[in-house]
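# Topology and contacts: notes
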Amino acid sequence: MEQLKGAGTWDDPARQISFLGWQVRRVGIPLFLLTNDPDTGPIVDAAAQAAEALHIMLGVIGTLEEADPTVDFVTVINQVGMLKAGRELLVTALDNTDTALDTFK
């Protein structure tokens, strides 16, 4: 909560979403870079995919907050594709989590 206050986003939900998206991206980029190393395994892949999915979903929230659905219907409709992309990343993250769990059997 202190970070939200320090960033000046405490009282503005739209700015909070934007700030959270930035924080998720800040964590997600190094995770994504780690996935290039084949020795990191499926847990790192799952974490990177989940972070990217969260970033996409926060972006959808931010976009829908700013869009006027009576005028900007194309933007609203395009968010369906973004949500599907986020969902696919989450499914892949779960698959990688299952792969990691299988190694413990």
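Residues numbered from 1 in each chain as written. Predicted model: local features only at pLDDT ≥ 70, side-chain atom pairs only at ≥ 80, totals over all residues. Heavy atoms only, no water.

Before going further, it helps to spend a moment on the pattern of salt bridges. Under the counting rule described, the total for this entry stands at 2 salt bridges. Residue Glu-52 is joined to Arg-25 by a salt bridge in which the shortest nitrogen-to-oxygen separation is 2.8 Å. Of this pair, Glu-52 sits in helix α3 (residues 42–66) while Arg-25 sits in helix α2 (residues 13–34), and the two are 27 residues apart along the sequence. (Salt bridge = Lys/Arg side-chain N within 4 Å of Asp/Glu carboxyl O. Helix = DSSP H or I, 4+ residues; strand = E, 2+ residues; numbered from the N terminus.)

Close contact between α3 and helix α4 (residues 73–102) brings their axes to 8 Å; oriented N to C, the two are set at 160°. Classified by the interaxial angle, the pair formed by α3 and α4 is roughly antiparallel. α3 and α4 meet at a crossing whose hand is left-handed. Of the residues assigned to the contact of α3 with α4, the class counts are 17 nonpolar, 9 polar and 3 charged. (Axes fitted to C-alpha atoms, helices over the stretch in contact; angles between N-to-C directions. Parallel < 35°, antiparallel > 145°, perpendicular 65-115°, else oblique. Left-handed = near helix turned anticlockwise from the far one by under 90°. Nonpolar A, V, L, I, M, F, W, Y, C, P; charged D, E, K, R; others polar.)

For the rest of this paragraph, the subject is the confidence of the model for the chain. Across the chain, the average pLDDT comes to 88, with 90% of residues at or above 70. For the chain, the element scoring lowest by mean pLDDT is helix α1 (residues 2–6), at 63; α4 scores highest, at 94. (pLDDT = per-residue confidence, 0-100.)

Turning next to the side chain of Gln-49. For Gln-49, the position within the fold is in helix α3. Given a relative accessible area of 18%, Gln-49 falls into the buried group. Of note is the side chain of Gln-49, whose polar atom sits 3.4 Å from the backbone nitrogen of Ala-93. Sequence-distant contacts of Gln-49, defined by excluding residues within four places in its chain, comprise Leu-89, Thr-92, Ala-93 and Asn-96. (Buried < 20%, exposed > 50% of the residue type's maximum accessible area, 1.4 Å probe, protein only. Polar contact = N/O pair within 3.5 Å; in protein donor to acceptor, adjacent residues only side chain to side chain. Contact = heavy atoms within 4.5 Å.)

Turning our eyes to something else, we now look at the nonpolar core. With 7 residues, the main nonpolar core is built from Ile-17, Val-24, Leu-31, Val-44, Ala-48, Ala-51 and Leu-58. At the level of secondary structure, the elements contributing two or more residues to this core comprise α2 and α3. Ignoring anything within four residues of it in the chain, the contact list for Val-24 reads Ala-51, Leu-54, His-55 and Leu-58. (Core = buried A, V, L, I, M, F, W, Y, C linked by side-chain atoms within 4.5 Å.)

Right, let's get into the packing of α2 against α3. The geometry of a pair of packed helices is captured by two quantities: the angle between their axes and the separation between those axes. The geometry of α2 relative to α3 is characterised by a closest axis approach of 8 Å and an angle of 155° between their N-to-C directions. Judged on the interaxial angle alone, α3 and α2 are roughly antiparallel. Between α2 and α3 lies a crossing whose hand is left-handed. Two secondary-structure elements touch here, α2 through Ile-17, Leu-20, Gly-21, Val-24, Arg-25, Gly-28, Leu-31, Phe-32 and Leu-34 and α3 through Val-44, Ala-47, Ala-48, Ala-51, Glu-52, Leu-54, His-55, Leu-58, Ile-61 and Gly-62. Across the contact of α2 with α3, the residue classes break down as 13 nonpolar, 4 polar and 2 charged.

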